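# Notes for the structure review
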Amino acid sequence: MDHTGDVSLGKEIYPKLLSIVEAFLNNAENGLMLRFTGATQWNFYDWSEHLSGRLGQSEEAIPDLVINCLFLMALEHLRAIAQKTDNAFSYDSLLWETRARAREAFYDVKKGAFSLTQGGGEFTVLGNALAILAGIADDANGICERIVRNAFSDCSLSMRCFKYDALLLTDEARWKPYVLEEIRRDYSHMLDEGATSVWETSEGASAFGNAGSLCHGWSAIPICYL
């Protein structure tokens, strides 16, 4: 829509987008989105510490940072689509409420960062990057400094787009060299190993008990930044 001006697809799918939002709202409590429960629901965010969920096992229906940040970002995108397609957007108050509740629930004042769960000790790069992108981080610069100092559990290749977007949104001039250097480091390693396509994770074939994928499109993010 941004580049062609063609809003026909946006108009066609807008009712479905609303139904997706409502599915999340039906799984909310006290202004926060909850993890989905049941053995058929996999709360997977990334192949990294604290974020891979429990495949085939039911999890407790508690709010976590990642699902709430992604929900906030989704609402912002929905509002943009609504404006371009002349549809009503009735979630402004929900955006405000969820932002306030997420900031209150997950921000650890002593750590100066966001934990994955309320009062928890799981501090991840993905969660804190999403907090910046979702507009709930008051000290984005401080969080970015902790990200580059490896103060949090890092994310895998596919989620680096959120890490890089958060850094560049906060201070592009300062963090651009870091972003480019990390891309060169990790992807040059693949090239040195003879890769002709991008790996699922930095471990390559040895990941997941020697079942790592060596051709995984979700890791092909360097083209977006280089």
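Everything below is about the structure shown above.
None of these values were measured; they are calculated from a predicted model. (Residues numbered from 1 in each chain as written. Predicted model: local features only at pLDDT ≥ 70, side-chain atom pairs only at ≥ 80, totals over all residues. Heavy atoms only, no water.)

## A look at the side chain of N43
Relative to the elements of secondary structure, N43 occurs in the loop between β2 (32–33) and α2 (65–85). A polar contact of 2.8 Å, which involves the side chain of N43, links it to the backbone oxygen of F36. Separated by 3.4 Å, the side chains of N43 and E59 make a polar contact. (Helix = DSSP H or I, 4+ residues; strand = E, 2+ residues; numbered from the N terminus. Polar contact = N/O pair within 3.5 Å; in protein donor to acceptor, adjacent residues only side chain to side chain.)

## Things to note about the nonpolar core
The biggest cluster of nonpolar side chains holds 57 residues, and the ones touching the most others in it are L75, F114 and I136. If you list the elements that add at least two residues to this core, you get α1 (8–25), β2, α2, α3 (92–106), β4 (113–114), α4 (125–133), α5 (140–148) and α6 (160–192). Ranked by residues supplied to this core, first place goes to α2 with ten residues. (Core = buried A, V, L, I, M, F, W, Y, C linked by side-chain atoms within 4.5 Å. Buried < 20%, exposed > 50% of the residue type's maximum accessible area, 1.4 Å probe, protein only.)

## Focus: the layout of surface pockets
Here the largest pocket is characterised by a volume of approximately 250 Å³. In terms of lining residues, the largest pocket is bounded by L17, I20, V21, F24, I67, L70, F71, A74, H77, L78 and I81. Going through the elements one at a time, α1 and α2 are the ones with two or more residues in the lining of the largest pocket. No other element matches α2, which puts seven residues into the lining of the largest pocket. Within the lining of the largest pocket, the residues separate by chemical class into ten nonpolar, one polar and no charged. (1 Å grid on protein atoms, 1.4 Å probe; cavity = no way out; pocket = protein on both sides within 12 Å on 5 of 7 lines; lining within 4 Å. Points joined across faces, edges and corners; volume = space filled by probe spheres on them. Nonpolar A, V, L, I, M, F, W, Y, C, P; charged D, E, K, R; others polar.)

## Side note on the packing of aromatic side chains
Applying the stated rule across the entire model yields ten aromatic pairs. What links up through ring pairs into an aromatic cluster is the set W42, F44, W47, F208 and W218. (Phe/Tyr/Trp six-rings, centres within 6.5 Å; stacked < 30°, edge-to-face > 60°.)

## Overview of the environment of Q41
Among the secondary structure elements, Q41 is positioned in the loop between β2 and α2. Taking the relative accessible area as the measure of exposure, Q41 reaches 33% and is therefore partly exposed. Along the backbone, Q41 and G56 are 15 residues apart, and their C-alpha atoms lie at a distance of 7.5 Å. The contact partners of Q41, leaving out residues within four places of it in the chain, are F36 and Q57. For Q41, the side chain forms a polar contact with the side chain of T40, separated by 3.5 Å. (Contact = heavy atoms within 4.5 Å.)

## Brief notes about the packing of α4 against α6
Where α4 meets α6, the axes come as close as 8 Å, and the angle between the chain directions of the two elements is 45 degrees. Put simply, α4 runs oblique to α6. Crossing of α4 against α6: the hand is left-handed. Of the residues in α6, those in contact with V125, L126, A129, L130, I132 and L133 of α4 are F162, K163, D165, A166, L169 and T170. Considering only residue class, the contact of α4 with α6 consists of nine nonpolar, one polar and two charged. (Axes fitted to C-alpha atoms, helices over the stretch in contact; angles between N-to-C directions. Parallel < 35°, antiparallel > 145°, perpendicular 65-115°, else oblique. Left-handed = near helix turned anticlockwise from the far one by under 90°.)

## Structural notes on a nonpolar patch on the surface
There is a patch of nonpolar side chains on the surface, built from W42, W47, L55, F208 and W218 and spanning about 500 Å² of accessible area. Positionally, W42 belongs in the loop between β2 and α2. (Patch = residues over 30% accessible without salt bridge, like charges linked within 9 Å, V, L, I, M, F, W, Y side chains within 5 Å. Areas by Shrake-Rupley, 256 points an atom, 1.4 Å probe, with all protein chains shown as cover. Salt bridge = Lys/Arg side-chain N within 4 Å of Asp/Glu carboxyl O.)

## Thoughts on the packing of α5 against α6
In the contact formed by α5 and α6, the axes pass within 10 Å of each other and the chain directions differ by 80 degrees. As far as their axial angle goes, α6 and α5 are roughly perpendicular. Every residue of α6 that contacts α5 at A140, N141, C144, E145, I147 and V148 is listed here: K163, A166, L167, T170, D171, R174, W175 and Y178. Across the contact of α5 with α6, the residue classes tally to eight nonpolar, two polar and four charged.

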